[in-house]
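Architecture at a glance
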Amino acid sequence: MSNSRKYLIAGNWKMNCNAGEGAALASEIVAEVGQQTDVNVCFCPAFTALETVSKELSDSNIALGAQNMHFEASGAYTGEVSAEMLRHLFVSYVILGHSERREYFGETDVVVNQKTRAALAANLKPIVCVGESLEQREADETIAVIKTQVEAGLAGVTAEESEALVVAYEPIWAIGTGKTATPEMAEAVHLEIRNCLAGLLGEEAAGKIRILYGGSMKPENADALLAQENIDGGLIGGASLKAQSFASLVHSAAKLAQ
Ligand code: PEP
């Protein structure tokens, strides 16, 4: 992690926690790390828990995120939620293009790009997810896949807008499997992502963008991952559902930020 970037520890609760359970988990996390200032912290509940969780976060430094949004502002899109609707609930981050959305809901790079641009236009901070499958890694296609996802996902984003952008590298084979990329493997891809961002947005803008690692990050492996030069935080699934584990990841980042 470079001094010019602040760590971001982001929790992805996925389809877990109803409104009441979400509020309870949020309140436990606030009690542990709610006043943290050395590290940016956010978590992303399901849509139905955003309002109750938002209330729990109101006196803390923790930001609220969502897990998805539609790229249109309003209209006949049954079941969808717009950036503006999220802003009304004090949401500031939104996860876009998570591999589960790509796999189960057919999201393409084109859709991820539409969402990313809509999020930025609405003053949301998109966390744009990229990552290769096991087959792609074994076929030595990791870098090509990641480059395509970054270039297509961020097409048309300007250097100025990119200050709000976060990228998350999540190797699909490491998500929810307990298998983590080694710190060296992750850093190698993060560096490629940084170079790709520099090609798109220029060196200066690329140097400011946070690139998170996601894929079975937990208290036992966080220190080594977060110590890498181009790993600027984590997108955390399983370990974000336990206040103690999530807080421990925030503490790891805070220690390294000193
Ligand atoms: C995720 O789905 O974003 C994720 C990183 O999950 P886990 O931490 O459970 O691997």
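Anyway, here's the lowdown on the structure attached to this text. (Residues numbered from 1 in each chain as written. Predicted model: local features only at pLDDT ≥ 70, side-chain atom pairs only at ≥ 80, totals over all residues. Heavy atoms only, no water.)

Let's shift gears to the state of the cysteines. Here, disulfide denotes a covalent bond that connects the sulfur atoms of two cysteines. Here the structure, examined in full by the defined rule, presents zero disulfides. With no disulfide of its own, Cys 42 has Cys 44 as its nearest cysteine by sulfur position, at a separation of 4.2 Å. Cys 42 sits in the buried class, given a relative accessible area of 0%. (Disulfide = S-S within 2.5 Å. Buried < 20%, exposed > 50% of the residue type's maximum accessible area, 1.4 Å probe, protein only.)

So, on to helix H10 (residues 219-226). Since the α-helix advances by 3.6 residues per turn, residues separated by three or four positions end up pointing in the same direction. By the burial criterion, the buried members of H10 are Asn 221, Ala 222, Leu 225 and Leu 226. Viewed end-on, H10 has its buried residues packed into an arc of 125°, placing them on one side of the element. Looking at the buried side of H10, the elements it contacts are strand E1 (8-12), helix H8 (183-201), strand E7 (210-213), strand E8 (233-236) and helix H11 (243-257). (Helix = DSSP H or I, 4+ residues; strand = E, 2+ residues; numbered from the N terminus. Arc of directions from axis to C-beta. Contact = heavy atoms within 4.5 Å.)

On inspection of all chains with the given rule, the structure shows ten salt bridges. Between Arg 5 and Asp 232 there is a salt bridge; the shortest N-O distance is 2.9 Å. With a gap of 227 residues between them, Arg 5 in the segment before E1 and Asp 232 in the loop between H10 and E8 connect regions that are remote in the sequence. When sorted by exposure, Arg 5 lands in the same class as Asp 232, which is buried. A salt bridge links Glu 100 to Lys 14, with the shortest nitrogen-to-oxygen separation between them at 2.8 Å. A residue pair is termed long-range when its members are at least 10 positions apart, and Glu 100 in helix H4 (residues 99-104) and Lys 14 in the loop between E1 and helix H1 (19-33) qualify at 86 residues. For Glu 100, a relative accessible area of 25% puts it in the partly exposed group. (Salt bridge = Lys/Arg side-chain N within 4 Å of Asp/Glu carboxyl O.)

Shape is all these values report; function is a separate question.
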